[in-house]
Amino acid sequence: MTAVWITVALLVAGFAGWPVTALVFRLARTIDDRADAAKAAEEARKAAEDPSADVTVDSQQAETQSVDGELTAAPDAPPSAGSAAEPPLPTQRILRGGAIIGILERLGVCLAILTGQPVAIAYIVAIKGLGRFAELKETPVAAERFIIGTLTSMLWAAGTAAAVKVLFLQ
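Residues numbered from 1 in each chain as written. Predicted model: local features only at pLDDT ≥ 70, side-chain atom pairs only at ≥ 80, totals over all residues. Heavy atoms only, no water.

**Quick notes on the pattern of salt bridges**
Once their charged atoms are close, side chains differing in charge can pair, the charge on each being opposite to the other.
Working step 1: Across all of its chains, the model carries 4 salt bridges by this definition.
Working step 2: A salt bridge links Glu49 to Arg45; the shortest N-O distance between them is 2.9 Å. Linking Glu49 with Arg45, this pair stays in helix H2 (residues 17-49), spanning 4 residues, or about one helical turn.
Working step 3: A residue is classified by how much of its surface remains accessible, and Glu49, at 55% relative accessible area, is exposed.
Working step 4: Arg132 is the salt-bridge partner of Glu135, the closest N and O atoms lying 3.0 Å from each other. Taken together, the positions of Glu135 and Arg132, both in helix H5 (residues 119-138) and 3 residues apart, correspond to about one turn of that helix.
Working step 5: Connected via shared salt-bridge partners are Glu42, Arg45 and Glu49. (Salt bridge = Lys/Arg side-chain N within 4 Å of Asp/Glu carboxyl O. Helix = DSSP H or I, 4+ residues; strand = E, 2+ residues; numbered from the N terminus. Buried < 20%, exposed > 50% of the residue type's maximum accessible area, 1.4 Å probe, protein only.)

Structure, rendered in C-alpha cells:
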C-alpha cells in the first residue's frame, strides 16, 4: 500500500503542480498590471495638471505612432532597416523547456521528502540555477519568472509530499 501512496504523491506533485504554477503566474501578472495601471494613471494626472505639458501633435505624425508612443512605419512602407522581401528575424523564447523542467523538479522534490533526503532539494535547486544562469543574468523578467515558478513548484511538491507522508505513510 505504501507504493501506491508514493505513486499518488509523485503524480499529484509532478503533474497537478503545473496548473497551480500557472495560476500563480497569472496572479503575479495581474498584480503587476494593476501596479502599472496605477502608475500610468498617476503620471497622466500629473501631466494633465502640468501647464507646461500643453503639446499639439500633427495629424500626419499621429498616424505613424502606436498607442504606447513607439514609432511605427506606415502599413504600406517597408521598415527602414531592410527590404520588404527579407523574412523577419526569429525571436528567442526565454526559458524554453520550463514545463518539463518543472515536472522533473516537482518529482525530485517530492521524492526527496518522501525518502527523507531533504538535502537532495539543494542539489535540484543548484542544478536548475546553474542551467539557467546565462538566461537569468541577461534578462530580469526571466529571473523573476524563474523565482516565482521555482518557489511555487517546490512549495507544491513539498506540501504534497508532506501531506502524503503524514497522512498515509506513518
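Next comes the rest of the description.
**Side note on the packing of aromatic side chains**
Any pair of aromatic rings gets described here by the distance separating the centres and the angle formed by the planes.
Working step 1: For the coordinates displayed, the defined rule picks out 1 aromatic pair.
Working step 2: Taking the centre distance of 3.8 Å and the plane angle of 5° together, the rings of Trp5 and Phe168 count as stacked. Here the residue Trp5 occupies a position in helix H1 (residues 2-15), and Phe168 occupies one in helix H6 (residues 140-168), the gap between them amounting to 163 residues.
Working step 3: When the ring centre of Phe25 is taken as reference, the NZ or CZ atom of Arg145 above it lies at 4.1 Å. (Phe/Tyr/Trp six-rings, centres within 6.5 Å; stacked < 30°, edge-to-face > 60°. Lys NZ or Arg CZ within 6 Å of the ring centre and 35° of its normal.)

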